[in-house]
Amino acid sequence: MKTFVFGIGGTGARVLRSLTLLLASGVECKSDIVPIIIDPDMNNGDLTRTVSLMQRYVAIKEKLHFSSNTKNGFFGTEVVEKFNFRLPIKNSQDITFKQFLDYDNMDYASKALMQMLYSTKNLSSDMVVGFKGNPNIGSIVLNQFSDTDEFSNIANEFSQGDRIFIISSIFGGTGASGFPLLLKTLRTNGSIPNHGLINSATIGAVTVLPYFKVEQEEESSIESDTFMSKTRAALSYYEKNIGNKIDTLYYIGDNTSSNKAYENHEGGDEQQNKAHLIEMLSALAVVDFANGPERTGSTVYKEFGLASDNVANVIFSDFAPETNRIIRRPMTQFMFFTHYMSHIDVAKCIKQQWSRNYGLDKNFFGSDFITDIRYVQEEYVNWLKEMGTNRVGFAPFAWDNKSLFDIVNGVTPSRSVFSIFQKKDYEQFDVTLDKKHASNASGTKEQNFMELFFQSTGDLVQNKLNF
Amino acid sequence: MAKVFRLYKGNNNIQDWGASVPYGSKAIGDIEDPNAASVKKEITSIPSPFARIDLVKTAYKEVVKSGELHGNTIFHKMVSDSLDVAQIFFNLPKLSDRVEVIVWNVEQELRALEQNSSDGQRRVGETLRMFMDQDGATYNFDRMNSVYLLHYFGQYRQTQLDIIGATSPATLFFSSANDFSYLSDDIRFGKDKVFDTKLSSLDQRDELFVIFYFAYQKAYPNFARLFPEVNEYMDLVYRSGLTPKQKDKVDSLNAYSINDYPELIINPNKVEINGVFYRQCPENAKVKSGFEIKTKVAKEEKLPLVLPIESGTIYTNVYYVSDNWESTNKAPFFDPKPIEERRLPKANEMYPYLTVGDFLEDALIRVININTADDAFFGKFIQNSSYRYLLPLKDTFFRYFTAQELQGKVGGQPMIEIKEVLSDNVRVTLRIPIQGNRYIEYTRQYIENGDIRPEQNKGTLIEREFSIGLLSNILYENEKDAYYRAYIMCEFEDKDNLNLSFKKGETTLSVPEPVIRNNDDGRYQSCKSYIIEQQTFDIIKVECEDYSGVLIPVMQRKSGNDQFTFAIDFGTTNSHIEYSVNQGASEPFSMGPQDAMLKLWGYLDNVSKYIYDYDVLPDIIGENTLFKFPMRTALCRASTTNWNKAVYPLAHTNIPFPYEKKRGYEYDRVITDLKWSNDPDNTKRIKNFIESLFIILRSKVLLCNGSLPHTKIVWFYPISMVENRYNSFSDVWTKAYEKYFGGDKRNIIPMTESVAPYEHYRNAEANVGNIVTIDIGGGTTDIVLAKDGIVNNITSFHFAADSIFGDPYISNRNPGSVNKILRQYENTIKAILEDNSLSDLLDILEQHKKSCISSNIASFYFSLKDNNEIVDKRLSDNVDFNNMLLLDSNYKIVFIIFYAAIMYHLAHIMKAKSLEMPRHIAFSGNGSKVIRVLSTNNATLEKFTRKIFEKIYGEKYPEDGLTILQNENNPKEVTCKGGLSNPTYQEYEQMASMKMVYKAVQGNEDAFVNGETYKSIDEAYIQKTVEEAKTFINFVFDMNREFSYKNNFDSSEASLMIAKNECLRDLATYTKNGLEVKRQEVSDNDVIEETMFFYPINGMLNALISAIYKKNN
């Protein structure tokens, strides 16, 4: 089963980033994921970062094999790359909205109507960086999915039981317009391939409501003061025009009054915002949807709740058990993995028993595979740090050079009676690796390496943290 | 309590991704929007091309939700702008020069887009259709036929296609996201400028529009269901915005009230919203403005507003068009557009308004005034210099106000004020009343030689010399009663630049071309005469080159009931008028200064004043003044008068009161021979004379509180006048009476000149039962015989003063033909005039000499002693022509024969009628003055007369004797006084029946004409007449033996001798000449209507005079 995940606009890209990192950490998703980013802003910093992350993910995943014998959960979900994860938006580059419309050649009356429906600023906006918070522009420009070969291709891949999920923010430009438009197309377009399947597919979506502010800039077309007003207007529109078309609709957002302001970028490579808990939770909505039931015919609305009312720095213990069940162990395991990888000296490492056992030589540690893993892990750290410094913050891990096992905030590691645990952090880690090595020796180096680390971190988490 | 990541407060028992509920309007409404009240930027989050329509819908909802009708949020802004759009549509016809409608027809346009070869356009078409299909129910797209878009192309347009608003299927109208505040100044409804930052809710708009919007709501089927947000908004407006009065109006609306508003047609479409026609402001919708002019006169539906020209706070509590006047508002001083095409300042709506430039002229005309008469209104005048100013009011003023109102007050202040700030700087202030007992004050400064800049409210002051005359300034209730003459007099060279027109309110009267007598003669000032008949007016407009001003005569409203009777003796030489009021004592006609008829304003010097005297009317007529009755019977006319065209009395012609007293003008002609002339135009002349007279008389009646229709006019005719001529006269008198007095025709009373004196004496003297009255005029003598108060017989003949002083039977007048008695005294009189430097009179004398008309010269001689100049110089005795003749024994025989002829004829008649010799003989008529040349002693005359009677009767005079009665001073008065004492209609027929014509002395039985016609007169008849004349002449000479002419009358013996030689010659010729003259006015079949006895005597007297003259010179 596949879930086609459309991430529309900047928020879409950021949620996919979270999703990719969650999947990398081993959060379980019962469905293959086909991420498709829809964003005319090809240089969007969030987009490029997400795309390259996903490409690493795919590259790593290609080296790995999963079977009933394997225990590895890292990169455990199949992520399918189609067209560089992007659905191209045609004719939106280097032209203004007006040119896109072919406004100048319209007849008098239609010109007049366009004048009325769109402001002069709308009409003359260049669309290079998307629709700058103007979903009304997007509603026309993006209304071309069904026309593209790429979309047909994707639609061709659609099989019985496959699902569709759409990620968008309500207060931006691209996401806000792309979502209803995509939904309308998927639900009603009778000319796309597999339209019979697609029109009746299980479709879910997360609508991200405002959760951050941008710094106020007079000249910018993005003004967070208007986020709430826009949201309310758009929600009203959704209420009347979306509800009946979707199976599961996830709402998420946060009162922005105490939240931190982002730097104001209309788009482009500068728009690379810090990751946010809301995005991670939205990514979890994908997981929730993918793991959830088939469509029932009535729309299910979902919201996300913490177990506590801590809104400063959320830690694992603030989540209710189900969420912790899904994320706490894999995220911590991957954190341990990352931590170890970031602290080892390769020269020293290759001398370790477990390395030698698998022939993990200097070449292996200099391979693309390890580079990709390091890249993903680096991103993982960045992602976590970004979330930690954002508001609402999500800070499950500590960074102040505490010992490895003290890294999970709010959790005190157990002091084991076994002597082995009296050793220093990394020595202890190596001991575990060496120990696990004995039971796993088949497969490729990459497969063995990943299996080794997954099982070892699993033991460490189990023993030290009791997750 | 745990935290749920959401924006609103709701169920917080959710954990993980837990089931929730859809975000309904409650939840959405609960989302806190701390910035909502201050949000200024447009909201752009709706993922639909129709986002804007949705946003406006949301805006209505948000405003209602806030409960605050008059907020300043982005939602209020959108609602305000959308209502601006609605109001523009409502007022579209008024804005048609800057806004048009473009129609976007759904099916037609969508198809065109979808089938377009352009990807972009096709995408637009497909997307629009997709959204319209899928979101149709939410926005009523399923009902929408067309979108009507407003295209602004006014002066502030910024692109080739400024689309500023449109109809909306969801909220009736929606606004654009663009900032159109740049055109706010061009489109505004009251203070409410469209699309500006000062937002207006529905209730803050023009009430007319507010009520209409509710009417549209009521007429729109299912309005609440189709436009729930607007519906709730209007509920809020009703609840929180409308005044109780407005609520009453809304309550009274029903589904049919919409029919009060015409559909809004944009060819070929009608603007509709989802199929329901929108409406426009009714064409004639009146603006209910406090600035509306307050007028009792103008009845037009859309009265203009009168707007202040200065900014300030004075009027900020006055309602303008849809709001109060703003302190920064002001109207321009001048608007070149026609009033109906104007646009209200600031409001920019097409609606009539007025400003200072509509009321005040560009120039103020100063007139030097020597007449302080208060009978014209010159405004409240501050600093009373000797100047006067024509009021600088334009016609527009009188469209709304009467001349009467102008003279009143506005808000306790004079309506118009003229203040001489400096001698070369005059300020005019005009106060125009508006609603609510307020007024707008307009002031304009007029600077001498200043530039005219109406756009800067600057005028110029100019000075002109002219005068204006009005005859008479009487206010008439009925147009048909009104007869006016108006005059403007100025220097000759200015005559083409000065014109008058006459206005009744704003209407300019149509009047005949004014008359100018001296078109060519630049020596004199020029007087333009205007004729205004059977029309009334209250304003005289003076046009002076390119400028104009008005004069408001203060006319007197007269409605008296006094009964006036005038007796008019229209004599051959002189005319006299007497009048009485309510049958009281009679007196000669007079006028002024109390009842002066001709009002004069402006610059008047002696020269111009005298032209008015001569060519129009003196200001004063009466005893002890220069001009009085009796006066010379004469008509003055312009030399250019063409009798074949309309000739107006007191314009082309007039009665020249100064005639014979002052010199006249070369451009005039004076006609004296009115009564007996056979000139073909004579009837017209007489008509003009009589009408001139009547205009004067009616003015007198009105000014002295008389009643026109009750006025009686007695006019006199000599019995010797033939019926034809009588009828012609009668016709003129009657028509003139009907025209100018309009009363019962029986009030125009003809009486014979003969009987009238009798009536006078009968009333004036005791014991005059048996009386003979002899009225000697210039041309005729009338004799009435009465016994016991009853007139029995009348006779009349052409033998009167002219028989002595005239030139009978002269057809070719020349200096030699002038009567020799007059010639005799010419030098004497001339010398006196010369010695006393009476140049005017000398001029007149010369003119008369040139005309060679003896009777005119005689009249002049006789008039001298009463001439004012003569009287002033105490020269009356020196130039008393009567007295000169009295003292002149040479010519005495002429007067003896004249007198004796009349008595001889009378005695024969009476004897033939077997009447007793008369107890009284009374003389009247101007011609009777010649009797006083004979003797000033009545006893001598009585003795002489008795002798004549005794000799003819052949018996002694009865014991009671004879008394001769004369009115020495003014024998002319007697006729008039007689007429007034018993104004009795004396029909010509009736008089004719009493008339007797004594033929000759052939025997009693056929002494009188009895049906014989002129045809029957043959040589024998003439011969008998000559014989009778001879008998008479011998009778006169025989009488000298018994009654010495020398002793009694100081007649010279020498002259008597001449007479004896002269008198019996050529009598047949004279008789024939006399008959010849008569035949000119009678036909062969007419009954002989006067004795021929005097024909030979007429000629004989003239010959005798010549002979005596010859002997003495």
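That block above? That's the structure.
The shown structure was predicted, so the numbers you read here are calculated from the model rather than taken from an experiment. (Residues numbered from 1 in each chain as written. Chains lettered and ligands numbered in written order. Predicted model: local features only at pLDDT ≥ 70, side-chain atom pairs only at ≥ 80, totals over all residues. Heavy atoms only, no water.)

**Some details on the overall build of chain B**
Rule in force here: Secondary structure follows DSSP: runs of H or I at least 4 residues long count as helices, runs of E at least 2 residues long count as strands, and numbering of each begins at the N terminus. All accessible-area figures derive from a Shrake-Rupley calculation using a 1.4 Å probe, and residue coverage is judged against the displayed protein chains alone.
Broken down by element type, chain B carries 33 helices and 48 strands. Summed over all atoms, the accessible surface of chain B reaches about 42,300 Å², with 44% contributed by carbon and sulfur.

**Examining the overall build of chain A**
Using the following cut-off: When accessible area is computed with a 1.4 Å probe and restricted to protein chains, residues below 20% of their type maximum are described as buried, those above 50% as exposed, and intermediate ones as partly exposed.
Of regular secondary structure, chain A possesses 18 helices and 10 strands. When each of the 467 residues of chain A is scored for burial, the buried share is 63%. Accessible area for chain A stands at about 16,300 Å²; split by element, carbon and sulfur atoms hold 45% of it.

**A few points about the environment of E405(B)**
All names here are of chain B. Counted only if it meets this: Should any heavy atoms of two residues lie within 4.5 Å, those residues are counted as being in contact.
Checked against the element boundaries, E405 lands in helix α13 (residues 403-406). For E405, a relative accessible area of 21% puts it in the partly exposed group. For the pair E405 and K296, spaced 109 residues apart in sequence, the C-alpha to C-alpha distance is 9.6 Å. Apart from the residues lying within four places of it in its own chain, the contact partners of E405 are K296, V297, Y400 and M415.

**What about the sheet that holds strand β41 (residues 668-671) of chain B?**
Residues and elements named next belong to chain B. Note the cut-off: Note: two strands are recorded as paired if DSSP finds a minimum of 2 bridges between them.
As summarised here, the arrangement of the 3 strands in space is β40-β39-β41, forming an open sheet in which the pairing is antiparallel. A strand with exactly one partner marks an edge of an open sheet, and here the two such strands are β40 (653-654) and β41. Bridge count between strand β39 (residues 635-638) and β40: 2 bridges; the pairing is antiparallel. In the sheet register, R637 faces β40, and the bridge partner there is T653.

**Side note on the packing of helix α24 (residues 892-912) of chain B against helix α29 (residues 1019-1042) of chain B**
All names here are of chain B. Note the threshold: For every element, the axis is a line fit to its C-alpha atoms; helices are fit only across the contacting stretch, and the angle between N-to-C directions ranges from 0 to 180 degrees. Here a crossing is taken to be left-handed if its near helix is turned anticlockwise relative to the far helix by less than a right angle, and right-handed if that turn runs clockwise. Amino acids outside the nonpolar list (Ala, Val, Leu, Ile, Met, Phe, Trp, Tyr, Cys, Pro) and the charged list (Asp, Glu, Lys, Arg) are all regarded as polar, and Gly is one of them.
The contact between α24 and α29 brings their axes to 10 Å, and the two run at 115°. The interaxial crossing formed by α24 with α29 has right-handed handedness. Here I896, I897, A900, A901, Y904 and H908 of α24 lie close against α29, whose contacting residues are E1028, T1031, F1032, F1035 and V1036. Its residues assigned to classes, the contact of α24 with α29 comprises 8 nonpolar, 2 polar and 1 charged.

**Concerning the nonpolar core**
In globular proteins that are soluble, nonpolar side chains generally tend to be buried together. Stated precisely, the cut-off is as follows: Here, the term nonpolar core denotes a set of buried Ala, Val, Leu, Ile, Met, Phe, Trp, Tyr and Cys residues that are joined through side-chain atoms within 4.5 Å. In this document the domain limits rely on a domain assignment from an automatic tool or a database.
Formed by 245 residues in total, the largest nonpolar core has its most connected members in M280(A), F449(A) and Y278(B). Broken down by element, this core gets its largest block of residues, 11 residues, from helix α11 (residues 277-291) of chain A. Both of domain 1 (2-92 + 127-304) and domain 2 (321-465) of chain A provide at least three residues apiece to this core.

**A few points about helix α32 (residues 1067-1079) of chain B**
Residue and element names in this part refer to chain B. Here is the rule we go by: Here, expected helix span is obtained from the residue count minus one, scaled by 1.5 Å. What the arc measures is the spread of directions leading from the helix axis to the C-beta atoms.
For α32, spanning 13 residues, the distance from its first C-alpha to its last is 18 Å, which sits close to the expected 18 Å at 1.5 Å a residue. Within α32, burial applies to L1067, Y1070, T1071, G1074, L1075 and K1078. Each buried residue of α32 sits inside an arc of 135° when the element is viewed along its axis, so together they form one side. In this structure, the buried residues of α32 make contact with α29 and α33 (1094-1112).

**What to know about the environment of F944(B)**
Residue and element names in this part refer to chain B. On the secondary structure map, F944 appears in helix α26 (residues 938-953). We classify F944 as buried; its relative accessible area is 0%. Between the C-alpha atoms of F944 and Y1045, which are 101 residues apart in sequence, the distance is 9.5 Å. Residues contacting F944, with those up to four places away along its chain left out, are I896, Y899, A900, M1039, F1043, Y1045 and F1049.

**Here we look at the interface of chain A and chain B**
Put simply, the rule is: When two parts are put together, the accessible area they lose, computed with a 1.4 Å probe and summed over both, is reported as buried area. By definition, a salt bridge exists where a carboxyl oxygen of Asp or Glu is found within 4 Å of a side-chain nitrogen of Lys or Arg. Here a polar contact is recorded for every N or O atom pair within 3.5 Å, except that within protein the pair must consist of a potential hydrogen donor and a potential acceptor, and residues adjacent in sequence are included only if both atoms are side-chain atoms.
Contacts between the two partners involve 89 residues from chain A and, on the opposite side, 80 residues from chain B. Carbon and sulfur atoms make up 60% of the area that chain A and chain B hide from each other, which totals about 7,100 Å². Considering only the surface of chain A that becomes buried against chain B, M116(A), R232(A) and E303(A) emerge as the three largest contributors, covering 13% of it. Inspection of the region where chain A meets chain B yields 5 salt bridges. Note that K3(B) is salt-bridged to D254(A), the shortest N-O span being 2.9 Å. Taken together, the connections running from chain A to chain B amount to 33 residue pairs in polar contact (both at pLDDT 80 or more).

**A few points about unusual backbone geometry**
Backbone phi values are negative for most residues with the exception of glycine, while trans is the configuration of most peptide bonds. All names here are of chain B. At the junction of L471 and S472, the peptide bond is cis and its omega measures out at -10° in the coordinates. Within the chain, N437 stands out as a residue other than glycine whose phi angle is a positive 55°. Residue class for N437 comes out exposed when judged on its relative accessible area of 68%.

**A short note on a negative patch on the surface**
This is how it is decided: Residues qualify for a patch when their relative accessible area is over 30% and they have no salt bridge, like charges being joined within 9 Å and the nonpolar side chains of Val, Leu, Ile, Met, Phe, Trp and Tyr within 5 Å. Positive charges come from Lys and Arg, negative ones from Asp and Glu, while His and the chain ends are left out of the count. Charged groups are reduced to one reference atom each: NZ for lysine, CZ for arginine, CG for aspartic acid, CD for glutamic acid.
On the surface, E723(B), E987(B), E989(B) and D1086(B) cluster together into a patch of negative charge. Take E987(B): it is sitting in the loop between α27 (973-981) and α28 (988-994).

**So, the sheet that holds strand β4 (residues 162-168) of chain B**
Strand order across the open sheet formed by 4 strands is β2-β3-β4-β5 (chain B), with antiparallel pairing between neighbours. Bordering the open sheet on either side are β2 (99-105) and β5 (172-175) of chain B, each of which pairs with just one other strand. On average, each strand axis in the sheet is inclined to that of its neighbour by 30°, with strand direction left out of account. Bridging between β2(B) and strand β3 (residues 146-152) of chain B involves 7 bridges; their strand directions are antiparallel. Across the sheet, V101(B) pairs through a bridge with L150(B), a residue of β3(B). Docked against the sheet, helix α4 (residues 108-117) of chain A engages β2, β3, β4 and β5 of chain B, running at close to 100° with respect to β2(B). Along the sheet, helix α2 (residues 51-66) of chain B makes contact with β4 and β5 of chain B, crossing β5(B) at roughly 110°.

**Re the pairing of β5(B)**
All names here are of chain B. The pairing of β4 with β5 spans 4 bridges and is antiparallel. Note on β5: the bridge partner recorded for G165 is S175. As consecutive antiparallel partners, β4 and β5 are separated by 3 residues.

**Description of helix α19 (residues 820-835) of chain B**
Residues lying three or four places apart along an α-helix face the same way, a consequence of the helix completing one turn every 3.6 residues. Residues and elements named next belong to chain B. What counts here: Each residue is assigned a bend, namely the angle between axes fitted to the seven residues that terminate at it and the seven residues that start at it.
Over its 16 residues, α19 runs 23 Å from end to end, which matches the ideal 22 Å to within 8%, given 1.5 Å per residue. Considering bend angle alone, the principal kink of α19 is centred on E826 and spans about 40°. Residues of α19 that are buried: K820, I821, L822, Y825, E826, I829, I832 and L833. By the N-cap criterion, in which a side-chain oxygen at the helix start approaches the backbone nitrogen of a residue two or three places on, α19 is capped by N819, the distance to I821 being 2.9 Å. Looking at the residues trailing α19, positive phi occurs at S837, about 55°.

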